[in-house]
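Close look at the chain arrangement
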Amino acid sequence: MGPSGDRTAGPLAERTHELALLRERVAGAAAGLGAVVRVEGPAGRGKSALLRAVRDGVDDSVRCLTAVGGELERDFPFGVVRQLLEPVLHAADDDERARLLAGASGAAAPLFGIGTPVAQGADDAPFAILHGLYWLVATLTEDRPLVLVVDDLHWADPASLRFVSFLARRTADLPLFLLVGTRPAEPGSDRELLDAIADAPEVETLRPAELSADGVAAVVAGRGLAADAGALRAAHRTTAGNPLLLHELLRELGTTPLDEAGVLRAVPPSVIRSVQRRVQRLDADEREVARALAVLGERRPVGALASITGRSAATVLRALDVLARVELVEDDPPRFVHPLVRTALLRGLPAGQLAELHLQCAVALRSRDDADDEDVALHLLGCPAVGEPWAADALRASARRAATDGDPDAAVRRLVRAAEEPAEGPERAALLLDLGIAQIRTHAPDAEATLTRATVAADDAVAVAALEARSSLRVRLDAAAIDAAADDLQSALDRLGPDGDPVTVQRLRGRLLGAMSLTGRLSDQRRELLARWTAEPDPGLALRQVDAFERAARGAPASEVRGLVEGLRGALGRLATIETQVLWGVFAAVFCDLTDLATDQLAEARATARRAGSPYAMSLLAHMEVPLLLRSGSVLRAEALARDTLDAAVRGGFAQPRAQMTAEIAEALVLQGRLDEADALIAGLPEDAWEGRTNVAWLSGTRGRLRLAQRRPADAVLDLRRVDELRVEEGWALWPRLHDGASLALALARAGEQDEALARAAAEAALARRREVPSHEAEALLARAAAEPAADRAATTEEAVAAARRGPSPTILAGALFDHGRELRLARSPSRAREPLREALDVATRCGAALIAGRAEDELLAAGARPRRTALSGLASLTPAERRTGELAAEGLTNREVAETLFVTRKTVEVHLGRVYAKLGIGSRTQLADALSAE
């Protein structure tokens, strides 16, 4: 492969091209150009030598961090990541460590034994940790360029592979060079994750070729050996140009001159057999140390090897010196010169002896200060039951850490193994609880059965936690199991009793009411409980939020809802993270058109979610914010945020109501006039998306409005009646989302059901006035106008315009202005029609409501006017992503904080802001707020 002039005799023979490219990528990182290179090849091809040359060639102007995957460590969550980053954090002083772990980086802190671990059941723990690790790496690059070198990636644990994949797609924006070495099709490796890394468009792949005949000759000459042409041909042919095999061949031959016959006799059938022969020549102490090192794991201190082998430290040191002289190990602490050496030693051990060595390692390590439960657990996984309580304790502690680190599969393996150890009573119940929670996160089919066994625990805390976990599982798996889930939560509350922990009681009550809201069968019971609990002196944040929501859904005046939600100011900012039950009041403010209050509460909650580094919490907030954006006239932003939320759910692998977010995307598409796209989006949902009352209500309401826009009123009536039926079953005055009742009245009018349409429109208008929600009143009046005689419509639509002007929704105002202008034109008053139609066109264009804008333009032409779009070209030209980036920056967030909030890179934020500045004609951040509010 190499050029004819490349005759390097050492481990980098014929690697001039590869080494030059890798050094070029290091220089590129130093210049701010990120890169990822994957060096792939079979064992012995020289990958490690290339990676070692890069590592050794980096000067002090670049920080270089290294890690090596290992067969034993494949079950150690984030083991490779810890090798890379833990030394930096542990070497830093308190101030430096605080800087490195500020902001989103903090989500990764518990991985290194710093800070508070994420709750074991957190749905977004895996993605939150990946996100935190990315920002930790990004922070490290602020000091100086960074080179990360990972050898034997095929033996890395799955969690580390996920991070490498995550990081590989984001290196272009950092002064970072990520270099990994891996083998193709290595047995036992995680091919799916490795393929995801290989297939990333940012990743370059180098595949060093076997040595040419000239390369083999250069290596032989470099060792000072004499060889004739036949010997060189035989050496090239029998080793297939593999540098490691060639090295072993030359070792077998020693210093004798090479001839063809001698080469053919000496060629080892494999490196493994060659190594095993060498090991057999060692004395007993040296063999035991070598085998202990293979089982214990590399880079262990001499004291650990002495404990395992029962030899003195001096004996171990002498043995290591001999192993180094025969080129089996290197470095201090020791490691094998090549992974195949370790493989050869392990393959030579009978299964029983290997298990016994793992047990010896576990026993010895548990008493050492430089080991932890994870070290002990890795060896316990390789041996049968110990029969001692400490073994189960170590496995459970390791499982908790694996769950915290976002690797529930590893947690399940440890807990299943822990269950093989003797344990009774409280210990057994607690183990079952941990196992059941981990099984939920791995979607194991026996999770419910495991938790059921834990619910009868004598320990109240264990039983309550098991009941709560089982209720969560039942809600997630089966919409028909809501009653059983509610029974679980009620049983947990009964088990706690009146003197139970107040925080736990309040959380369980909030979740119970949330579960009950998913079925109309429990509506009366839910309201009875809510009334009783909120009458207590301190019902807690969640119940106060639920109370605000329930009152709003039953038609309470907006002023009453405002008073309830105003009383919660500051509470969201004091939480550790954001969960669903603490946001009900925010949603109540949204659908009561209290946009100022909802905006403030969302900003407060967003700061908490950003501080917690929780993508799941951010998605919950987006679930609240998208309807607010639709009401506030930011249609394009609403669509972008809804799509981003779905993408984040997929990336993070956590539960997110896909149906509801799809409905919001479709609402935005309808307002933009992209009706076919909205239709296809809803039609493409799987059948299970229509399971559950909330999903049915959201999707039916959205599809009903889509059918209205498509001029299919009869179909719209069918969908909107379904929402109304669910509302009645729930005992609410309106379904707490959009004004579905007004939409139904409009659909009835257009379907020719004038009497029912008038009655419903009147009822909706009266309800809207009691609720003090002008936008609701405006939509009810527009529905009434559609059912009235033609002569009355202009007056009613004028009344609707007046109501819409009192509300906060530009999109509803644009619709009211359009309807009013159209009715004036149809009443043969074209000159009076032009002004509301022009305003409708302008407002709709500013909102991104292209459907209304297009129809207003047609009406203006029919009224004899020449329409012109009056929206400011700069604002109108911003993409949704640019608009969102600009608005967050205008709020005072730094580029890093904007990137953390949007889960993008800092470079992406810089690019978006540059485009925003150019399109708005401004030159600084201080001008953003005014420029963005110019509409």
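So, here is what we can say about the structure in this document.

Take the sheet that holds strand 4 (residues 176-182) next. Strand order in the open sheet made by the 5 strands is 2-3-4-1-5, with parallel pairing throughout. Pairing within the sheet leaves two strands with one partner each, and these edge strands are strand 2 (63-68) and strand 5 (203-206). Each strand axis lies, on average, 15 degrees off the axis of its neighbour in the sheet, ignoring direction. Sheet analysis places strand 1 (residues 35-40) next to strand 4, joined by 6 bridges and oriented parallel. Within the sheet, the bridge partner assigned to Val39 lies in strand 4 and is Gly181.

When the terminal C-alpha atoms of helix 36 (residues 713-730) are compared, their 26 Å separation across 18 residues agrees well with the 26 Å that a helix rising 1.5 Å per residue should span. Along helix 36, the residues classified as buried are Pro713, Ala716, Val717, Asp719, Leu720, Val723, Asp724, Leu726, Arg727 and Glu730. Of the residues trailing helix 36, Gly731 is marked for its positive phi of about 80 degrees.

This part takes up the nonpolar core. Phe78, Leu85, Phe112, Leu133, Leu153 and Leu583 are the most contacted members of the largest nonpolar core, which has 132 residues in total. In this view, Leu133 contacts Phe78, Val81, Leu85, Ala108, Leu111, Phe112 and Phe163; residues no more than four positions away in its chain are not counted.

In this section: the pattern of salt bridges. Charged atoms that come close allow side chains of opposite charge to pair. Enumeration according to the criterion identifies 73 salt bridges in this entry. The partner of Asp143 in a salt bridge is Arg99, and the shortest N-O contact between them spans 2.8 Å. Linking Asp143 in helix 5 (residues 125-143) with Arg99 in helix 4 (residues 94-100), this pair joins segments that are 44 residues apart in sequence. On the accessibility criterion, Asp143 (40% relative accessible area) is partly exposed. Between Arg846 and Asp842 there is a salt bridge; the shortest N-O distance is 3.1 Å. One end of the pair, Arg846, and the other, Asp842, are both in helix 42 (residues 830-847), 4 residues apart, so they sit about a helical turn from each other. The network of salt bridges with common partners includes Arg63, Glu96, Arg99, Glu142, Asp143, Arg896 and Arg906.

Within strand 1, 6 of the 6 residues are buried, which leaves the element mostly enclosed by the surrounding structure. On strand 1, burial covers both faces: Ala35, Val37 and Val39 on one face and Val36, Arg38 and Glu40 on the other are all buried.

We now examine the side chain of Asp75. Within the fold, Asp75 resides in the loop between strand 2 and helix 3 (79-91). Look at Asp75 and you get buried, because its relative accessible area is 15%.

The rules behind these values
- Along each chain, residue indices are assigned from 1 in the same order as the chain's sequence is written.
- At least 70 in pLDDT is required for a residue's local features to be given in this predicted model, at least 80 for side-chain atom pairs to be given and counted, and no such filter applies to totals for whole chains, interfaces and linings, which use all residues.
- Excluding hydrogens and water, the side-chain values take into account all heavy atoms of the structure.
- When DSSP finds two or more bridges between two strands, those strands count as paired.
- Helix and strand definitions here come from DSSP, where helices need a minimum of 4 consecutive H or I residues and strands a minimum of 2 consecutive E residues; each element is numbered from the N-terminal end.
- For helices, the fitted axis covers only the stretch in contact; all axes are lines through C-alpha atoms, and the angles between them, taken along N-to-C directions, range from 0 to 180 degrees.
- Every helix has an expected span of 1.5 Å times one less than the residues it contains.
- Only protein chains enter the accessibility calculation, which uses a 1.4 Å probe; a residue whose area is less than 20% of its type maximum is buried, one above 50% is exposed, and one in between is partly exposed.
- In this text, buried Ala, Val, Leu, Ile, Met, Phe, Trp, Tyr and Cys residues form a nonpolar core when linked through side-chain atoms within 4.5 Å.
- Note on contacts: a residue pair is in contact if any heavy atoms of the two residues lie within 4.5 Å.
- A carboxyl oxygen of Asp or Glu within 4 Å of a side-chain nitrogen of Lys or Arg is what we treat as a salt bridge.

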